[in-house]
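Now for the letters of each chain:
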Amino acid sequence: MPKLPPIEEQHQFALYGEPVSYLLKKGDRRTLQIAIHPDKTIVVHAPHNARQEQINAVLYRRNHWIDKTLREIDKLPPHLPPRQYIPGETHRYLGRQYRLHIKHGEPASIRLKGGYFQIFVPNPDAPRKIEALLNQWYRDHAQSIFQKHLQDCVQQSKAILDLDPTAIDLKIRRMRTCWGSCRQTGIITLNLELIKAPSACIDYVIMHELCHLKEMNHSLQFWQLLAQCLPDWEARKEQLSKVELQAD
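These numbers come from a predicted model, not from an experiment.

(A) Main features of the state of the cysteines. Inspection of the entire model under this criterion finds 0 disulfides. Between Cys153, a cysteine without a disulfide, and Cys229, which holds the nearest cysteine sulfur, the sulfur-to-sulfur distance is 9.3 Å. A relative accessible area of 2% places Cys153 in the buried class. Unpaired in this structure, Cys182 has its nearest cysteine sulfur neighbour in Cys211, at a distance of 9.7 Å. Of the residues examined, Cys182 reaches a relative accessible area of 15% and is grouped as buried.

In structure tokens form, the structure reads like this:
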């Protein structure tokens, strides 16, 4: 039987009695999932055969979570304006702020010294080249640092999660809406921007995703599992909520 094409429709539901719009996306999937984006857009992903009364019932049961998530988004710091990559501009790395100190030099390179990113480039007046160089520096450091944190978190949670580290594949990319994600196949993806957050926040995101390998949802069982692996996860999550995401 040929697959049905995906469907997108605008709907409304009652959030504690107030009408709220959401985007319903029906496709080739087995489960129903609610996603809330940073712009407060609510998206319901559902199987093609899901009836509207079923969707309404799930939305009603998740009223508290939806309302809480929307309120948390309201408390988030605003996105930073686009970077200019000019001398004196501040950029974060592992929770600390560093100013750009741009000098003429070849080959192009970056090093941390004191409170500065010391950047040597053939043309100090080429901000896009400096941006590309800095992004590559972040990516190179994120690869080794995230891998080390992943190994530490797997070891720390070994007695609880009993995960095979060789079955976990770490990927890094920029993401607009989340710090991390995972698949049941063992792929954990971390947002490159996470390299700018404190180490405690990196551990929180990784442990969060490791727990999802056992509980692929945000059920009570998932949060109980996370609390066993990382008792202070709430404080770490609160710390992460104060980290500004750089706008693309």
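(B) View of the environment of Pro124. Of note, Pro124 is situated in the loop between β8 (116-121) and α3 (127-156). Given a relative accessible area of 28%, Pro124 falls into the partly exposed group. Pro124 sits 33 residues away from His91 along the chain, and the two C-alpha atoms are 17 Å apart. Excluding its chain neighbours within four sequence positions, the residues that come into contact with Pro124 are Ile102, Lys103, His104 and Ile130.

(C) Local environment of helix α5 (residues 199-212). With 14 residues, α5 extends 20 Å from end C-alpha to end C-alpha; this agrees with the ideal 20 Å at 1.5 Å per step. Across the 14 residues that make up α5, a large majority, 12, are buried. When we look at burial in α5, the residues that qualify are Cys201, Ile202, Asp203, Tyr204, Val205, Ile206, Met207, His208, Glu209, Leu210, Cys211 and His212. Buried residues along α5 sit in contact with α3, α4 (158-161), β10 (180-182), β11 (187-191), α6 (220-229) and α7 (233-240).

(D) Fine view of the side chain of Glu193. Inspection of the secondary structure assignment puts Glu193 in the loop between β11 and α5. Here Arg174 takes part through its side chain, which lies 2.5 Å from a polar atom of the side chain of Glu193.

What counts, and at which threshold
Residues numbered from 1 in each chain as written. Predicted model: local features only at pLDDT ≥ 70, side-chain atom pairs only at ≥ 80, totals over all residues. Heavy atoms only, no water. Disulfide = S-S within 2.5 Å. Buried < 20%, exposed > 50% of the residue type's maximum accessible area, 1.4 Å probe, protein only. Helix = DSSP H or I, 4+ residues; strand = E, 2+ residues; numbered from the N terminus. Contact = heavy atoms within 4.5 Å. Expected span 1.5 Å × (residues − 1). Polar contact = N/O pair within 3.5 Å; in protein donor to acceptor, adjacent residues only side chain to side chain.

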